[in-house]
Amino acid sequence: QGDPYTLGYMNASLSGPWISQQETELFGFLTEQAPAWWQQFLLWKVAQVYTRNLPDYVSLDEQLEVLGLVDGHEDPHPGLAFWAPLYHRVLNYHAAHDLSHTFMDSPLVKSDRFLAGCTSFAAWGEATADGHLWIGRNFDFGAARAFDLNKIVMRVEQTGKIGYVHVGWPGMAGAVTGVNDERIVVALNGVRSELKAKIGTPVCFVIQRVLQNAHTLDEAVQIIRDAQVFVSDLYLVADGKTGVAVVVEKTPEKC
């Protein structure tokens, strides 16, 4: 609860050991996908090139929350600080979903673990026993095991914004699944597509913008429509006040 920097700092200070475990296991996952040192070097350089303009698509509030995450726990890999400072690593981790689309078809990685996609459903009206809106989803993130074991349900209240609850993991700003105080639900569903752009806003921040600002279904859809993303995704968006859900198909080119 508080300003963006405080949100990030409190998140990291409460879950620092888990954040360190995640980064260590993530490096192990990357080593598994690209065993040779030169593959890892090339992947890192490609990622650096792709994300060199990432801050241009991340708001100041979002950057401050990431800075809070960085200041809230010690760097578990200080030896990387010279060529990969912790702030830049953490910011890039928030684009991990988006960057994975870039590497899906790369000959440098074993892409079989990138093929799984999240699934979700919405049912309401005569389709449910009580007529209420029901939302369900599973979350397939084929990275380190720590991301499955250390899930956290977070209540987030940024000063001046709509409060929300989301399911994420330690050290995460943004969101991938959540519901806000206006009963707006949004969930990300990854999709494999050739429609990509060089850079844009990571989808976790797009979803956070929906949760923090949308009072209605139309407002939620408009926020997604206006976002400059760099990969294609499906967004399940629902309004608990009206009992209606929609799927937004969003690519870098159209919505």
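The coordinates are above.
Residues numbered from 1 in each chain as written. Predicted model: local features only at pLDDT ≥ 70, side-chain atom pairs only at ≥ 80, totals over all residues. Heavy atoms only, no water.

Q: Account for the packing of helix α7 (residues 203–213) against helix α8 (residues 217–226), with residues named and values stated.
A: Closest axis-to-axis distance for the α7/α8 pair is 9 Å, and the angle between their directions is 150°. The angle between the axes of α7 and α8 places the two elements in the roughly antiparallel class. You can see that α7 and α8 cross each other, and the crossing is right-handed. Contacts between α7 and α8 involve V206, R209, V210 and N213 from the first element and E219, A220, I223 and I224 from the second. The residue inventory of the contact of α7 with α8, partitioned by class, reads five nonpolar, one polar and two charged. (Axes fitted to C-alpha atoms, helices over the stretch in contact; angles between N-to-C directions. Helix = DSSP H or I, 4+ residues; strand = E, 2+ residues; numbered from the N terminus. Parallel < 35°, antiparallel > 145°, perpendicular 65-115°, else oblique. Left-handed = near helix turned anticlockwise from the far one by under 90°. Contact = heavy atoms within 4.5 Å. Nonpolar A, V, L, I, M, F, W, Y, C, P; charged D, E, K, R; others polar.)

Q: Would you mind going over the nonpolar core in detail, with residue names and values included?
A: Core analysis: the largest hydrophobic core is formed by 48 residues, its most contacted members being I207, V210, I224, Y235 and V237. Every element with two or more residues in this core is listed here: α1 (4–33), α3 (60–71), α4 (86–93), β3 (152–156), β6 (184–190), α7, α8 and β7 (233–239). With seven residues, the top contributor of residues to this core is α7. Ignoring sequence-local partners within four residues, the contact set of V237 consists of I184, V185, V186, L217, A220, I224, V244, A245, V246 and V248. In terms of nonpolar packing, the next biggest core, distinct from the first, is built from five residues, A187, L236, A238 and A245 among them. (Core = buried A, V, L, I, M, F, W, Y, C linked by side-chain atoms within 4.5 Å. Buried < 20%, exposed > 50% of the residue type's maximum accessible area, 1.4 Å probe, protein only.)

Q: Quick one: what's the story with the pattern of salt bridges, residue by residue and with numbers?
A: A full pass over the atoms with the stated rule returns five salt bridges. With its nearest N and O atoms 2.8 Å apart, the salt bridge here joins D181 to R155. Here D181 is found in the loop between β5 (177–180) and β6, whereas its partner R155 is found in strand β3, with 26 residues between them in sequence. Take D181: its relative accessible area is 46%, and that puts it in the partly exposed class. Two residues, D239 and K241, come together in a salt bridge whose shortest N-O distance is 3.2 Å. Judged by relative accessible area, which is 41%, K241 ranks as partly exposed. Within this structure, R155, E157 and D181 form a network of salt bridges that share partners. (Salt bridge = Lys/Arg side-chain N within 4 Å of Asp/Glu carboxyl O.)

Q: Give me the lowdown on the pairing of strand β4 (residues 164–168), citing residues and values where you can.
A: In β4, alternate side chains face the same way, and those of Y164, H166 and G168 are buried while those of V165 and V167 on the opposite face are not. Bridging between β3 and β4 involves five bridges; their strand directions are antiparallel. The residue of β4 that forms the bridge with M154 is H166. Bridging between β4 and β5 involves three bridges; their strand directions are antiparallel. Counted as the bridge partner of H166 is G178 from β5. (Pairing = 2+ DSSP bridges.)

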